[in-house]
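Listed below are the residues making up each chain.
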Amino acid sequence: MSTPSVCPVPSTPRRKLNETLMALPSSAIREFFDLVTASDDIISLGVGEPDFVTPWAVREYAIFTLERGSTTYTSNRGLLELRQEIARYLDERFGLSYSPQTDILVTVGVSQGLDIAMRTLLNPGDEVIYFEPCYVAYAPMIALAGGVPVRVDVRYEDGFRINFDTVEAAITPRTRAILVNYPNNPTGATFTAEECQRFAALAEKYDLTIVSDEVYAELTYDQPHFPMPAQPGAYERTVLLSGFSKAFAMTGWRMGYVAGPPDIISAMTKVFQYSMLSAPIMSQYAACEALRRRHQDVPGMIESYNQRRRYIVEGLREAGLDCHMPEGAFYAFPNVKKFGLSSREFCLRLLKEEKVAIVPGGGFGAIGEGYARCCYAISIAQIEQAVEKIARFVKRL
Amino acid sequence: MDVILEILKENARTPNEQIAKRLGRTPEEVERQIAQLEKERVILGYQAIVHPEKCEDNLVTGIIEVKIAPQRGSGFDSIAQRIYKFPEVKLCYLLSGAYDLLVIVEGHSLKEVAAFVSERLSTLEHVSGTATHFILKKYKDFGVIMQDVETQERLPVIP
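Summary of the structure given here.

Definitions and cut-offs
- Position numbers for residues start from 1 in each chain and track the written sequence from start to end.
- As they are written, the chains are lettered A onward and the ligands numbered 1 onward, keeping that order.
- A pLDDT threshold of at least 70 governs which residues receive local features in this predicted model, and a stricter bar of 80 or more applies before side-chain atom pairs are shown or counted, although totals over entire chains, interfaces and linings include all residues.
- Each side-chain value is derived from all of the structure's non-hydrogen atoms; neither hydrogens nor water enter the calculation.
- Counting from the N terminus, the helices are the DSSP runs of H or I reaching at least four residues and the strands are the DSSP runs of E reaching at least two.
- Between the two quantities, the radius of gyration covers C-alpha atoms and the globule rule is 2.2 Å times the number of residues to the power 0.38.
- Only the protein chains shown count as cover for residues, and all accessible areas are computed by the Shrake-Rupley method using a 1.4 Å probe.
- Only protein chains enter the area calculation, which uses a 1.4 Å probe; residues under 20% of their type maximum are buried, those over 50% are exposed, and those in between are partly exposed.
- What makes two residues a contact is simply this: any of their non-hydrogen atoms within 4.5 Å.
- Being paired, for any two strands, means DSSP has found at least two bridges between them.
- Axis definition: a line fitted to C-alpha atoms, over the contacting stretch in the case of helices. Angles run 0 to 180 degrees between N-to-C directions.
- Here the term cavity refers to a set of points on a 1 Å grid, laid over the protein atoms alone, in which a 1.4 Å probe fits but cannot get out; the term pocket refers to an open set having protein on both sides within 12 Å along at least five of seven lines, with lining residues being those that place an atom within 4 Å of a point.
- Grid points are joined across faces, edges and corners, and a volume is the space filled by probe spheres set on the points.
- Defined here as a combined quantity, buried area equals the accessible surface (1.4 Å probe) lost by two parts on assembly, summed across both.
- Salt bridges are defined by distance alone: a side-chain nitrogen of Lys or Arg within 4 Å of a carboxyl oxygen of Asp or Glu.
- Side-chain classes are defined by residue name, with Ala, Val, Leu, Ile, Met, Phe, Trp, Tyr, Cys and Pro counting as nonpolar, Asp, Glu, Lys and Arg as charged, and the others, Gly among them, as polar.
- Each Phe, Tyr or Trp ring, with Trp reduced to its six-membered ring, pairs with another whose centre is within 6.5 Å; inter-plane angles below 30 degrees give stacked pairs, above 60 give edge-to-face pairs, and intermediate values give tilted ones.
- Charge over a ring is defined by NZ of Lys or CZ of Arg lying within 6 Å of the ring centre and within 35 degrees of the ring normal.
- Patch definition: residues with relative accessible area over 30% and no salt bridge; like charges joined within 9 Å; nonpolar side chains (Val, Leu, Ile, Met, Phe, Trp, Tyr) joined within 5 Å.
- Asp and Glu count as negative and Lys and Arg as positive, but His and the ends of the chain are not part of the count.
- Where a charge lies is defined by one atom per residue type, namely NZ (Lys), CZ (Arg), CG (Asp) and CD (Glu).
- Working definition: roughly parallel below 35 degrees, roughly antiparallel above 145 degrees, roughly perpendicular at 65 to 115 degrees, and oblique for all remaining angles.
- By definition, turning the near helix anticlockwise from the far helix through less than a right angle yields a left-handed crossing, and turning it clockwise yields a right-handed one.

## Here's the deal with the overall build of chain A
Okay, step 1: Counting secondary structure elements, chain A contains 13 helices and twelve strands.
Okay, step 2: For chain A, the C-alpha radius of gyration of 23 Å lies close to 21 Å, the compact-globule estimate for 397 residues.
Okay, step 3: On the principal axes, the C-alpha backbone points of chain A span a range of 80 × 65 × 55 Å.
Okay, step 4: Carbon and sulfur atoms make up 52% of the accessible area of chain A, which totals about 17,000 Å².

As structure tokens, then:
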């Protein structure tokens, strides 16, 4: 006698995903992104990338390397040719001395550089001091690497300048690193030479590593950029993160690099080797060409951003918004508190009523609440329309 | 180059108020500076860049290579002057290489341009030869690409 076969009752798998990941809030900007994408005919000041297409000479060179058949893996650290170009650039432009052989690692965007820096530097429970408002990935990257993000707020009232007493008060025996970003996304503030020196002094005093995201270094308008590794005593303690996305208009190529002391770079290369193997060769060759051509391509773009920076800030102020003049990057971060709406509500209504997209400041950290990020990497004509619409909108509030 | 010139070369219709805001100057300053540039003939004029196939003027453009025998004393200049004074001549350059002057002539028909070359240009004293090329299609003029070529794929919101 045979028993009839019974279909097993389907059960829901009881998945147990990574707890640290599950505990992370999802990006507040995501919700806003979905709303904006669903609307038509909007003027978006919500972007975070140049409106320039990568210069044709760079694109054409990448096509050439494809045609000649450069389609392989490269050295884990990246093409030596590219590391040499990066070393030459860092030396000529910022007076930094890095060896292409041992001190530079080519990464897939600055985001990956940040990720592997954290995975390299941190043991479980190590603390990393970072500053809000900031790029959305900082705290999650620290947490996912097993670290503990320790937030220090930077305030509009202080002109978005760092309060070093607060920084020092946040340092504990578990503090391993300080993560900085200047010129800053979203505030547009940057560091003076003295501020850089104070970070370097803190790192020395407490034996910390500075992870310095300087991807907007070229986009500094009123003062030169002071690279962290150039500060007295900082070279041995700094991991410099940078890349090609912003100043070279190459976001989609995903090209970044890390420069630092050889022991850290060597350890980071190990993480990179197991997780990525090598950055895309086509993008690496394009980056070589972008560096060789930087004197032709970059200054015009910087001058253009500088003009738009003055134009948008003037326009926002005329519209009745309080706004610091950004010192770098391509974002203005006006204060919208006096209109009595949360920044989310302000941005949602502006989107709905005037079809202008700006990003609620709360997405860049709690201290960003009451502000909104306006990217001015769009045409002057669009900026003009956007500020007119913003002016009309706030008059109604 | 003055940055005002760069802005006007990119778009000559940029309002003075906008230039002022972009450069952190006052509109009065900008107006004064532009007037000065015009007075010094740094700025020679303002023209629109027109899509040749959309403006319906049906103009024919001839590019003419002109070989000339330079004259004692005035070199190429006096003969160039005799050529560029014709209103049909829109452009006249002295070049290095196989011929001497590059002349661009506009007319309402092939016949009109050809007649200008055969009757007025090639018959000039000291002109020893011409070669005429007619433009069939303009892909790019004054730095402007005629077709919309670049695609805009930017995401509207990026952190």
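There's more to say after this.
## A look at the side chain of Asn185 of chain A
Okay, step 1: Here Asn185 of chain A lies in the loop between strand 5 (175–181) and helix 8 (193–206).
Okay, step 2: Given a relative accessible area of 4%, Asn185 of chain A falls into the buried group.
Okay, step 3: If we ignore the near neighbours within four places in the chain, the residues touching Asn185 of chain A are Pro133, Cys134, Tyr135, Tyr216, Tyr331, Phe364 and Arg373 of chain A together with Pro159 of chain B.

## Remarks on the sheet that holds strand 1 (residues 60–68) of chain B
All names here are of chain B.
Okay, step 1: Across the sheet, four strands lie side by side as 2-3-1-4; this open sheet has antiparallel pairing. Each edge of the open sheet carries a strand with a single partner, namely strand 2 (89–94) and strand 4 (127–134). Between one strand axis and the next, the sheet turns by 20 degrees as a mean value, whatever way the strands run.
Okay, step 2: Taken together, the seven bridges between strand 1 and strand 3 (residues 101–107) define a ladder with antiparallel strand orientation. Bridged to Val66 within strand 3 is Leu101.
Okay, step 3: Against the sheet, helix 4 (residues 77–84) makes contact with strand 1, strand 2, strand 3 and strand 4, and its axis sits at roughly 165 degrees relative to strand 2, the strand it touches most.

## A look at empty space enclosed by the protein
Residues and elements named next belong to chain A.
Okay, step 1: Scanning all chains against the criterion turns up three cavities of 30 Å³ or more.
Okay, step 2: Taken as a whole, the largest cavity spans an internal volume of roughly 140 Å³.
Okay, step 3: Lining the largest cavity are 16 residues, with Phe131, Val154, Ile162, Asn181 and Asn184 positioned closest to its centre.
Okay, step 4: If you tally residues by element for the lining of the largest cavity, the top one is strand 5, at three residues.

## Some details on the interface of chain B and chain A
Okay, step 1: Taken together, the contacts link 15 residues of chain B with 32 residues of chain A.
Okay, step 2: Around 1,900 Å² of area is buried between chain B and chain A when both sides are counted, 59% of it from carbon and sulfur atoms.
Okay, step 3: Among the residues of chain B in contact with chain A, Lys21, Arg154 and Pro159 of chain B are the three that bury the most area, contributing 37% of the side total.
Okay, step 4: Counting across the chain B and chain A interface gives one salt bridge.
Okay, step 5: Residue Glu318 of chain A is joined to Lys21 of chain B by a salt bridge in which the shortest nitrogen-to-oxygen separation is 3.1 Å.
Okay, step 6: Elements that contribute at least two residues to the side of chain B that touches chain A include exactly helix 1 (3–10) and helix 2 (16–23) of chain B.
Okay, step 7: Looking at the side of chain B that touches chain A element by element, the count peaks at four residues for helix 2 of chain B.
Okay, step 8: Along the lines of polarity and charge, the residues of the side of chain B that touches chain A split into eight nonpolar, three polar and four charged.

## Let's talk about the pattern of salt bridges
All names here are of chain A.
Okay, step 1: The tally for this structure, following the rule as stated, stands at 25 salt bridges over all chains.
Okay, step 2: Note that Arg151 is salt-bridged to Glu132, the shortest N-O span being 3.7 Å. Here the residue Arg151 occupies a position in strand 4 (residues 148–153), and Glu132 occupies one in strand 3 (residues 127–132), the gap between them amounting to 19 residues.
Okay, step 3: According to the relative accessible area criterion, Glu132 is buried, its value standing at 10%.
Okay, step 4: Of the charged contacts, one joins Arg309 and Asp222 as a salt bridge, the two residues approaching to 3.0 Å between their closest N and O atoms. Taken together, the positions of Arg309 in helix 11 (residues 294–318) and Asp222 in the loop between strand 6 (209–213) and strand 7 (238–243) put the pair 87 residues apart, joining distant regions of the chain.
Okay, step 5: Under the relative-accessibility criterion, Asp222 is labelled exposed at 56%.
Okay, step 6: Overlapping salt bridges bring together Glu81, Glu85, Arg88, Glu289 and Arg292 as one network.

## So, the packing of aromatic side chains
All names here are of chain A.
Okay, step 1: Tallying each qualifying case throughout the model produces 25 aromatic pairs over all chains.
Okay, step 2: Taken together, a centroid distance of 6.1 Å and an interplanar angle of 70 degrees make the contact between Tyr89 and Phe248 edge-to-face. Pair noted here: Tyr89 is in helix 4 (residues 80–94) and Phe248 is in the loop between strand 7 and strand 8 (256–259), with a separation of 159 residues, a long-range link.
Okay, step 3: Accessibility expressed as a relative area gives 4% for Tyr89, which makes it buried.
Okay, step 4: For Phe248, a relative accessible area of 5% puts it in the buried group.
Okay, step 5: Ring geometry for Tyr156 versus Phe160: centroids 5.7 Å apart, planes at 80 degrees, classification edge-to-face. Both residues of the pair, Tyr156 and Phe160, count as buried.
Okay, step 6: Among the aromatic residues, ring-to-ring pairing joins Phe52, Tyr216, Tyr305, Phe330 and Tyr331 into one connected group.
Okay, step 7: Just above the ring of Tyr285 sits the side chain of Arg68; from NZ or CZ to the centre is 4.8 Å.
Okay, step 8: Geometry around Tyr61 places Arg292 over its ring, the cationic atom sitting 5.3 Å from the centre.

## Comments concerning a negative patch on the surface
Okay, step 1: A contiguous patch of negative charge on the surface is contributed by Glu17, Glu28, Glu29 and Glu31 of chain B.
Okay, step 2: Among the elements that take part in the negative patch, helix 3 (residues 27–39) of chain B stands out by supplying three residues, more than any other.

## A look at the packing of helix 5 (residues 109–121) of chain A against helix 9 (residues 262–275) of chain A
Residues and elements named next belong to chain A.
Okay, step 1: As a packed pair, helix 5 and helix 9 sit with axes 9 Å apart at the nearest point and diverge in direction by 115 degrees. The pairing of helix 5 with helix 9 is recorded here as roughly perpendicular in orientation. Crossing geometry of helix 5 relative to helix 9 is assigned as right-handed. Side by side, helix 5 and helix 9 meet where Gln112, Gly113, Ile116, Ala117, Arg119, Thr120 and Leu121 of the first sit next to Ile264, Ala267, Met268, Val271, Phe272 and Ser275 of the second.

## What about the environment of Ala87 of chain A?
Residues and elements named next belong to chain A.
Okay, step 1: By the element assignment, Ala87 lies in helix 4.
Okay, step 2: As a C-alpha pair, Ala87 and Phe32 span 55 residues in sequence and 39 Å in three-dimensional space.
Okay, step 3: The contacts of Ala87, once residues within four sequence positions are left out, are Leu96, Tyr98, Pro100 and Ile104.

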